Amino acid sequence: MKALSKLKSETGIWLTDVDTPTPGHNDLLIKIHKTAICGTDMHIYNWDEWSQKTIPVPMVVGHEYVGEVVGMGQEVAGFKVGDRVSGEGHITCGHCRNCRAGRRHLCRNTYGVGVDRPGAFAEFLVIPALNAFKIADNISDDLASIFDPLGNAVHTALSFDLVGEDVLITGAGPIGIMAAAVAKHIGARHVVITDINEYRLDLARKMGATRAVNVAKENLTEVMAELGMSEGFDVGLEMSGVPVAFRDMIAAMNHGGKIAMLGIPAGEMAIDWGQVIFKGLIIKGIYGREMFETWYKMASLIQSGLDLTPIITHQFSIDDFQKGFDTMGSGASGKVILNWN
Ligand code: NAD
Ligand code: ZN
């Protein structure tokens, strides 16, 4: 079968021919319809320090996808051939304390699809049936293919009560923008999002942010004053991984504010801990998606009218994968989809 693989320890990704995987007793065999390019795939493409330490070469990459069940192992229940599915890319151990308590997103023995084991940028994918999520008929293939990053946005945004609250999101990448749309949809008052990339700030405006602030040109404090916010933000969603953005966020929070942190800093990150202490801030780290409450909520949010379609800005055929990676790398895009049909 056709697959996009990391074949060499250098920048790039290559379309190759690999063996079609065979499902084990508890696995599904999925024929891939659409995949989306994640920031992680860009790290692997660029062969940065993290990828060099993490990715065994050769490796089929990719973990954002939608497809159709075409086969399964003898022990699988609850799925049938023809079901449309996406899937959780974190494969958990099933025997640690958290897994056994139903907190699979906190499993300490997690493996990543397209990171530690063959991924979804391929004609066929095998995953444990426990990791698959059935897609309802009224959700499009396009949206289903981005459930993985949407899940990061939803997991983060639903970490704290946002109803009637003023929310600051730092980082208008695809995940930050989707989080802004979710926050508005569920009833936040002001949703202010920051970035230094005008293309993405524009997209955030289109998707419902109250204000999209270019922090290279505008001052967040002035924006807060314009909005009549005399005290500070109630909830912060850190989605940039950039230290200065996180420090700005801490400064802009009200006393008793709550911060959910998804963005991954490149290294250690210094902050003014005095502010955390004297403001009584609560900071929560977010990894992945809750299995499968986040997935249930994503589907429900879309079914209750959340419109995420503008976040998908580009679509390419898999044979044009290079254009897809170039587009994603340019910063002038939302989600970029690669079509396998
Ligand atoms: P992204 O890199 O596309 O978005 C980050 C954005 O931050 C970019 O648009 C960038 O221009 C912006 N930025 C740069 N400097 C800034 C500043 N000073 N202030 C505000 N914004 C600034 O990433 P994404 O795919 O949207 O993901 C968001 C973050 O979440 C990344 O750090 C990613 O690594 C991380 N992530 C974490 C998990 C997890 O499970 N914790 C999962 C997926 C992604
Ligand atoms: Zn576990």
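- Going by what an unreviewed UniProt entry lists, the protein is known as L-threonine 3-dehydrogenase and is assigned to Microbulbifer okhotskensis.
- Of the comments in the UniProt record for the protein, the one headed Subunit (unreviewed entry) reads "Homotetramer."

1. Brief notes about the site of ligand 1
Inference 1: Asp195, Arg200, Leu262, Ile286 and Gly288 are the nearest of the 22 residues found near ligand 1.
Inference 2: Asp195 places a side-chain nitrogen or oxygen 2.7 Å from an oxygen atom of ligand 1.
Inference 3: Take Gly288: an N or O atom from its main chain is 2.9 Å from an oxygen atom of ligand 1.
Inference 4: A total of 850 Å² of accessible area belongs to ligand 1 in isolation, and the protein chains cover 80% of it.
Inference 5: Elements with a contribution of two residues or more to the shell around ligand 1: helix 6 (174-185), strand 12 (191-195) and helix 9 (243-252).
Inference 6: Of the residues assigned to the shell around ligand 1, the class counts are 13 nonpolar, seven polar and two charged.

2. Here's the deal with the pattern of salt bridges
Inference 1: A full pass over the atoms with the stated rule returns 15 salt bridges.
Inference 2: Several salt bridges converge on common partners, so that one network encompasses Glu198, Asp202, Arg205 and Lys217.

3. Observations concerning the UniProt feature "active site" (unreviewed entry) in the protein
Inference 1: According to UniProt, the "active site" (unreviewed entry) feature falls on Thr40 and His43.
Inference 2: Considering the arrangement of structural elements, one finds Thr40 in helix 1 (residues 39-46).
Inference 3: Its place among the elements puts His43 in helix 1.
Inference 4: Leave out the neighbours within four places in its chain, and His43 touches Asp48, Trp50 and Ser51.

4. Quick look at the sheet that holds strand 1 (residues 2-6)
Inference 1: Taken together, three strands build an open sheet; the order of strands is 2-1-4 and the sheet is antiparallel. The open sheet has two edge strands with one neighbour each: strand 2 (14-17) and strand 4 (59-60).
Inference 2: One ladder, built from two bridges, connects strand 1 with strand 4; its direction is antiparallel. By the bridge assignment, Lys6 is partnered in strand 4 with Met59.

5. Points about the pairing of strand 17 (residues 312-317)
Inference 1: Pairing of strand 17 with strand 18 (residues 335-339), which is carried by five bridges, proceeds in the parallel orientation. Directly across from Ser317, in strand 18, lies its bridge partner Asn339.
Inference 2: For the handedness criterion, the β-α-β arrangement of strand 17, helix 12 (residues 321-330) and strand 18 is classed as right-handed.

6. What to know about the environment of Trp50
Inference 1: Mapped onto the elements, Trp50 comes out in helix 2 (residues 49-54).
Inference 2: Trp50 gets classed as partly exposed once you look at its relative accessible area, which sits at 34%.
Inference 3: Through-space distance from the C-alpha of Trp50 to that of Thr40 is 9.8 Å; in sequence the pair is 10 residues apart.
Inference 4: If near-sequence neighbours (up to four positions away) are discounted, Trp50 is found in contact with Thr40, His43, Ile44, Ile55 and Val115.

7. Let's talk about a nonpolar patch on the surface
Inference 1: A surface patch of nonpolar side chains, amounting to about 490 Å² of accessible area, comprises Trp273, Ile277, Phe278 and Ile283.
Inference 2: For the nonpolar patch, the element with the highest residue contribution is helix 10 (residues 273-279), accounting for three residues.

8. Some points on the nonpolar core
Inference 1: The biggest cluster of nonpolar side chains holds 50 residues, and the ones touching the most others in it are Phe147, Ile169, Leu237 and Leu308.
Inference 2: Secondary structure elements with two or more residues in this core: helix 4 (141-144), helix 5 (147-157), strand 11 (167-170), helix 6, strand 12, helix 7 (198-206), strand 14 (233-238) and helix 11 (293-303).
Inference 3: When neighbours within four sequence positions are excluded, Phe147 is seen to be in contact with Ser86, Phe133, Ile135, Ile139, Arg289, Trp295, Met298, Ala299 and Ile302.
Inference 4: Membership of the second largest hydrophobic core comes to 35 residues, among which are Leu4, Leu28, Phe79 and Ala120.

9. Details of the UniProt feature "binding site: NAD(+)" (unreviewed entry) in the protein
Inference 1: Following the UniProt record, one finds the feature "binding site: NAD(+)" (unreviewed entry) at Ile175, Asp195, Arg200, Leu262, Gly263, Ile264, Ile286 and Tyr287. Considering the C-alpha atoms alone, the annotated residues occupy 113 residues of sequence and remain spread out, their largest mutual distance being 23.3 Å.
Inference 2: On the accessibility criterion, Asp195 (15% relative accessible area) is buried.
Inference 3: If we skip the residues at most four places from it in the chain, Asp195 touches Gly171, Ala172, Gly173, Leu201, Val213, Asn214 and Val215.
Inference 4: A polar side-chain atom of Asp195 sits 2.7 Å from the main-chain amide nitrogen of Ala172.
Inference 5: By secondary structure assignment, the location of Arg200 is in helix 7.
Inference 6: Take Arg200: its relative accessible area is 15%, and that puts it in the buried class.
Inference 7: Setting aside residues up to four positions removed in sequence, Arg200 forms contacts with Ala172, Gly173, Pro174, Ile177, Gly331 and Ser333.

Basis of the calculations
- Residue numbers run consecutively from 1 along every chain, following the written order of its sequence.
- In the order they appear in the text, chains get letters beginning with A and ligands get numbers beginning with 1.
- Selection of residues for local features in this predicted model requires a pLDDT of at least 70, selection of side-chain atom pairs for listing and counting requires 80 or more, and totals for whole chains, interfaces and linings are taken over all residues.
- The basis for every side-chain value is the complete set of non-hydrogen atoms in the structure, without hydrogens or water.
- UniProt positions are given in the numbering used here, feature names are shortened, and annotations may be inferred rather than shown by experiment.
- One heavy atom suffices: a residue is near a molecule or strand as soon as one of its heavy atoms comes within 4 Å of it.
- Under the rule applied, a polar contact is a pair of N or O atoms within 3.5 Å (in protein, one hydrogen donor and one hydrogen acceptor; residues adjacent in sequence only if both atoms are side-chain atoms).
- For accessible areas, the Shrake-Rupley method is used with a probe of radius 1.4 Å. Any residue's cover is judged against the shown protein chains and nothing else.
- Here a strand is any run of E in DSSP of at least two residues, a helix any run of H or I of at least four, and the numbering for each starts at the N terminus.
- Classes in brief: Ala, Val, Leu, Ile, Met, Phe, Trp, Tyr, Cys and Pro nonpolar; Asp, Glu, Lys and Arg charged; the others, Gly included, polar.
- Whenever a carboxyl oxygen of Asp or Glu lies within 4 Å of a side-chain nitrogen of Lys or Arg, that contact is scored as a salt bridge.
- Here a residue-residue contact requires only that any non-hydrogen atoms of the pair lie within 4.5 Å.
- We treat two strands as partners when DSSP finds at least two bridges between them.
- Note on handedness: a crossover is taken as right-handed if, strands pointing away from the viewer, the path from the first strand over the helix to the second is clockwise.
- For the exposure calls, accessible area comes from a 1.4 Å probe over protein chains only, and a residue counts as buried if that area is under 20% of its type's maximum, exposed if over 50%, partly exposed in between.
- Candidates for patches are residues over 30% relative accessible area with no salt bridge; among them, like charges are joined within 9 Å and nonpolar side chains (Val, Leu, Ile, Met, Phe, Trp, Tyr) within 5 Å.
- In these notes, a set of buried Ala, Val, Leu, Ile, Met, Phe, Trp, Tyr and Cys residues joined through side-chain atoms within 4.5 Å is what counts as a nonpolar core.

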